[in-house]
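# Summary of structural features
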Amino acid sequence: MNFRQQIAKYVTGNLTKSQLPSVGMIGLEEGFDSPSLRILAGLGESESSFVIDYYFEFSLKELNIILPDRRQAAIDYAMALVDEILCKNIDVIDGTKEILQKAINSYDFFSESEKYCYDSIGFEAAYGLYDLFNELSDNDYPLRVEENLDLKIETRDSLLAELKRWVDKLKNCA
């Protein structure tokens, strides 16, 4: 994940303050540069959280980066995970599980849903496919093993295609 995606991951509560020096290092590696970012990147994980927080916030100020709100951070983190899935750095099922449990569930998208879970962000089809895959994995369907396996493969492939459509749609709307 890149520097901005790591910041989104932090905003969603999926990185601790002690991990922010590593985020600072990623920023430097990507060409972001400021005195506070250099100090942040050089801090150890055992440094005081107050010191880490100070240099993190000052780095953002020096770089003119505004923290995304929790809703946008959840979407940005989820999109970063889809990128990781598409690059084959994360398995599609494991990645979708992280999208749901750590990224999307860090914000209350259920309160925005009109008809289906996550329809406010267009993730309802991917969610349905992920849920179907899990049901097939739990052998909830009284199918023969071979048919169940074929359906799992088809569902997995459909989920991958849906994740790509979802992230493309979000990138085009931005």
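Quick note: structure is the one above.
Residues numbered from 1 in each chain as written. Predicted model: local features only at pLDDT ≥ 70, side-chain atom pairs only at ≥ 80, totals over all residues. Heavy atoms only, no water.

### Focus: the environment of Ala41
Relative to the assigned elements, Ala41 resides in helix H3 (residues 35-42). Spatially, the C-alpha atom of Ala41 lies 8.5 Å from that of Gly27, the residues being 14 residues apart in sequence. The residues contacting Ala41, other than those within four sequence positions of it, are Pro21, Gly24, Met25 and Leu28. (Helix = DSSP H or I, 4+ residues; strand = E, 2+ residues; numbered from the N terminus. Contact = heavy atoms within 4.5 Å.)

### Overview of the pattern of salt bridges
A complete count under the given rule lists 7 salt bridges for this structure. Among the ionic pairs, Arg165 bridges to Glu162, the shortest N-O distance being 2.9 Å. Here the residue Arg165 and the residue Glu162 both occupy positions in helix H8 (residues 145-173), the gap between them amounting to 3 residues, near one helical turn. (Salt bridge = Lys/Arg side-chain N within 4 Å of Asp/Glu carboxyl O.)

### Side note on the nonpolar core
By size, the foremost hydrophobic cluster in this structure holds 45 residues, and its most contacted members are Ile99, Phe123 and Leu163. Elements supplying a minimum of two residues to this core: helix H1 (3-11), helix H2 (20-29), H3, helix H4 (49-62), helix H5 (70-86), helix H6 (92-103), helix H7 (124-137) and H8. At 9 residues, H5 tops the list of elements feeding residues into this core. (Core = buried A, V, L, I, M, F, W, Y, C linked by side-chain atoms within 4.5 Å. Buried < 20%, exposed > 50% of the residue type's maximum accessible area, 1.4 Å probe, protein only.)

### Quick notes on the side chain of Ser36
Counting through the fold element by element, Ser36 comes out in helix H3. Under the relative-accessibility criterion, Ser36 is labelled buried at 4%. Those residues in contact with Ser36 that sit more than four places away from it in its chain are Tyr55, Phe58, Ser59 and Glu62.

### With respect to unusual backbone geometry
Residues apart from glycine generally show negative phi values, whereas peptide bonds are mostly found in trans. Of note, Asn64 is a non-glycine position whose phi angle comes to about 55 degrees, a positive value. For Asn64, the location among the structural elements is in the loop between H4 and H5. With phi around 65 degrees, Lys88 is a residue other than glycine that occupies positive phi space. Mapped onto the secondary structure, Lys88 falls in the loop between H5 and H6. The class of Lys88 is exposed, set by a relative accessible area of 70%.

### Focus: the packing of aromatic side chains
This structure, assessed with the given rule, holds 9 aromatic pairs. Measuring from ring centre to ring centre gives 5.2 Å for Phe110 and Tyr118, while their planes differ by 40 degrees; the resulting arrangement is tilted. Overall, Phe110 belongs to the partly exposed group, its relative accessible area being 45%. On the basis of relative accessibility, which here comes to 3%, the residue Tyr118 falls in the buried class. (Phe/Tyr/Trp six-rings, centres within 6.5 Å; stacked < 30°, edge-to-face > 60°.)

### Digging into the side chain of Glu84
Structurally, Glu84 can be placed in helix H5. Lys9 is the oppositely charged side chain nearest to the buried, salt-bridge-free Glu84, at an N-O distance of 9.1 Å. A polar contact is formed between the side chain of Glu84 and the backbone nitrogen of Met1, at a distance of 3.5 Å. For Glu84, the contacting residues outside a window of four places in its chain are Met1, Asn89 and Ile90. (Lys, Arg positive; Asp, Glu negative; His and termini not counted. Polar contact = N/O pair within 3.5 Å; in protein donor to acceptor, adjacent residues only side chain to side chain.)

### Regarding the environment of Ser46
Relative to the elements of secondary structure, Ser46 occurs in the loop between H3 and H4. The class for Ser46 is exposed, based on a relative accessible area of 75%.

### Section: H4
An ideal rise of 1.5 Å per residue puts 20 Å on 14 residues; H4 measures up with 20 Å between its terminal C-alpha atoms. Along H4, the residues that are buried comprise Ile52, Asp53, Phe56, Ser59 and Leu60. Down the axis, H4 shows its buried residues gathered within 130 degrees of arc, on one side only. Projecting away from the buried face of H4 at angles above 90 degrees are the exposed residues Phe50 and Lys61. On its buried face, H4 sits against H1, H2 and H3. (Expected span 1.5 Å × (residues − 1). Arc of directions from axis to C-beta.)

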